[in-house]
Amino acid sequence: MSERKETEFGSIPNEWDIKTIAQIKSDEKSAIAMGPFGSNIKAENFVSSGVPVIRGTNMNYPKFIDGEFVFLTEEKADELKGSNCKAGDLVFTHRGTIGQVGLIPKGKYDRYVISQSGMKLTVDANQVNNEFVFYFFKSRYGQHQLLKSEAQVGVPSLSNPLTSLKSIEIPIPKIKEQITIVEVLGSFDKKIDLLHRQNKTLEQITGAVFNHWFVEFEFMNKQ
């Protein structure tokens with residue numbers, strides 16, 4: 001049994017490191033960035049297709065951002081290059097429904113733009129698995145770290161969101177162990193998603209039967 005050390009996270013294996021988000025970000029210039037100022041994205045900038053904008057509604061999903069998007073032209077997205085994000089990046093809300101965390105999926109769009117209420121993180125893949133970091137921020141402790149800098153007045157928001165994000169500490173096991181943890185948690189996610197889908201199907205069947213019997217009065221076994 002490996003020796004353990006006591007930290008603010010609780011008891012963790014001795015061989016795990018503790019690093020700040022600033023230490024595990026990638027070397028890219030905009031590895032940690034906020035969305036553009038409000039004046040830089042207006043309703044008249046939206047087009048029917050192009051580069052999707054990630055809003056709070058796109059983060060109301062268990063893991064990967066999804067849903068209905070609004071779009072910017074490629075040219076407008078280029079103007080907002082510092083707020084661009086790509087597959088594998090983590091995205092957060094710092095205003096409005098704070099505490100939301102999502103991952104950019106592979107294969108849907110080449111790039112996205114985060115909205116004025118969002119911020120993004122590109123991690124150093126040599127140090128950390130992005131899904132491991134995602135699960136950390138979905139944990140009770142990770143949520144506490146995100147929300148502890150919540151502003152106490154006005155619209156729900158984080159004070160100094162980028163500074164706060166960079167300073168958060170996270171326990172880091174070896175990459176191989178991170179991947180194992182992600183695989184286990186991911187299998188639970190799949191099972192939960194399957195149960196939700198089954199429940200939704202059952203609800204639809206129940207609704208159809210109820211309507212058939214008690215609205216249309218077409219009772220089963222009716223001769």
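Note that the structure is a prediction, hence the values are computed from the model and not measured.

Participant: Please clarify how the side chain of threonine 20 should be interpreted in this entry.
Facilitator: Its place among the elements puts threonine 20 in strand E3 (residues 17-20). Ignoring anything within four residues of it in the chain, the contact list for threonine 20 reads Lys166, Ser167, Ile168 and Glu169.

Participant: In this structure, what is going on with the pattern of salt bridges? I would like to understand it.
Facilitator: Think of it this way: side chains of opposite charge can pair up when their charged atoms draw near. A full pass over the atoms with the stated rule returns 7 salt bridges. One salt bridge in this structure joins glutamate 131 and lysine 63, with 2.5 Å as the shortest N-O distance. Here lysine 63 lies in the loop between strand E5 (51-54) and strand E6 (70-72) and glutamate 131 lies in helix H3 (residues 130-138), a separation of 68 residues in the sequence. Overall, the relative accessible area of 22% leaves glutamate 131 in the partly exposed class. A salt bridge links lysine 108 to aspartate 66; its shortest N-O distance comes to 3.2 Å. Here the residue lysine 108 occupies a position in the loop between strand E9 (101-103) and strand E10 (112-114), and aspartate 66 occupies one in the loop between E5 and E6, the gap between them amounting to 42 residues.

Participant: Could you clarify how one ought to interpret unusual backbone geometry in this entry?
Facilitator: Negative phi is the rule for most residues except glycine; trans is the rule for most peptide bonds. Here asparagine 160, not a glycine, exhibits a phi torsion of approximately 45 degrees, which is positive. Looking at the element boundaries, asparagine 160 is found in the loop between helix H4 (140-147) and helix H5 (161-167). Take asparagine 160: its relative accessible area is 58%, and that puts it in the exposed class.

Participant: What should I look at first to understand the packing of H3 against H4 in this one?
Facilitator: For any two helices packed against each other, the geometry comes down to the angle between their axes and how far apart the axes lie. At a minimum axis distance of 4 Å, the contact between H3 and H4 shows a crossing angle of 75 degrees. Relative to H4, H3 is oriented roughly perpendicular. Along its contact with H3, which presents Phe136, Phe137 and Lys138, the element H4 presents Arg140, Tyr141, Gly142, Gln143 and Leu146.

Participant: Can you help me understand a nonpolar patch on the surface in this one?
Facilitator: On the surface, a cluster of nonpolar side chains totalling about 340 Å² of accessible area is made up of Val184, Leu185, Phe188 and Ile192. Relative to the helices and strands, valine 184 is located in helix H6 (residues 175-215). Overall, the relative accessible area of 42% leaves valine 184 in the partly exposed class.

Participant: Would you take a moment to explain the nonpolar core for this structure?
Facilitator: Nonpolar side chains tend toward joint burial in soluble globular proteins. Ranked by internal contacts, the top residues of the largest apolar core, which has 26 residues, are Ile21, Leu90, Phe92, Val133, Phe137 and Leu165. Mapped onto this core, the elements with two or more residues apiece are helix H1 (21-24), strand E8 (90-93), E9, strand E11 (118-121), H3, H4 and strand E12 (169-172). Among the elements that line this core, the one with the most residues is H3, at 6 residues. Core analysis: the second largest hydrophobic core is formed by 10 residues, Ile54, Phe71, Val91 and Ile104 among them.

Participant: I would appreciate a short explanation of H4 in the present structure.
Facilitator: In an α-helix, one full turn covers 3.6 residues, which means residues spaced three or four apart are oriented alike. Restricting attention to buried positions, one finds in H4 the residues Tyr141, Gly142, Gln145 and Leu146. End-on view of H4: buried residues confined to an arc of 140 degrees, all on one side of the axis. In this structure, the buried side of H4 is in contact with E8, E9, H3, H5 and E12.

Participant: Explanation requested: the sheet that holds E8 in the structure shown.
Facilitator: Hydrogen bonds along the backbone pair up the strands of a sheet, which may run parallel or antiparallel. The antiparallel open sheet is built from 4 strands, whose spatial order is E4-E11-E8-E9. Each edge of the open sheet carries a strand with a single partner, namely strand E4 (32-34) and E9. Across the sheet, the mean angle separating the axes of adjacent strands is 20 degrees when strand polarity is ignored. Contacts from H3 reach E8, E9 and E11 within the one sheet, and its direction differs from that of E9 by about 160 degrees.

Reading the values: the criteria
- Residues numbered from 1 in each chain as written.
- Predicted model: local features only at pLDDT ≥ 70, side-chain atom pairs only at ≥ 80, totals over all residues.
- Heavy atoms only, no water.
- Helix = DSSP H or I, 4+ residues; strand = E, 2+ residues; numbered from the N terminus.
- Contact = heavy atoms within 4.5 Å.
- Salt bridge = Lys/Arg side-chain N within 4 Å of Asp/Glu carboxyl O.
- Buried < 20%, exposed > 50% of the residue type's maximum accessible area, 1.4 Å probe, protein only.
- Axes fitted to C-alpha atoms, helices over the stretch in contact; angles between N-to-C directions.
- Parallel < 35°, antiparallel > 145°, perpendicular 65-115°, else oblique.
- Patch = residues over 30% accessible without salt bridge, like charges linked within 9 Å, V, L, I, M, F, W, Y side chains within 5 Å.
- Areas by Shrake-Rupley, 256 points an atom, 1.4 Å probe, with all protein chains shown as cover.
- Core = buried A, V, L, I, M, F, W, Y, C linked by side-chain atoms within 4.5 Å.
- Arc of directions from axis to C-beta.
- Pairing = 2+ DSSP bridges.

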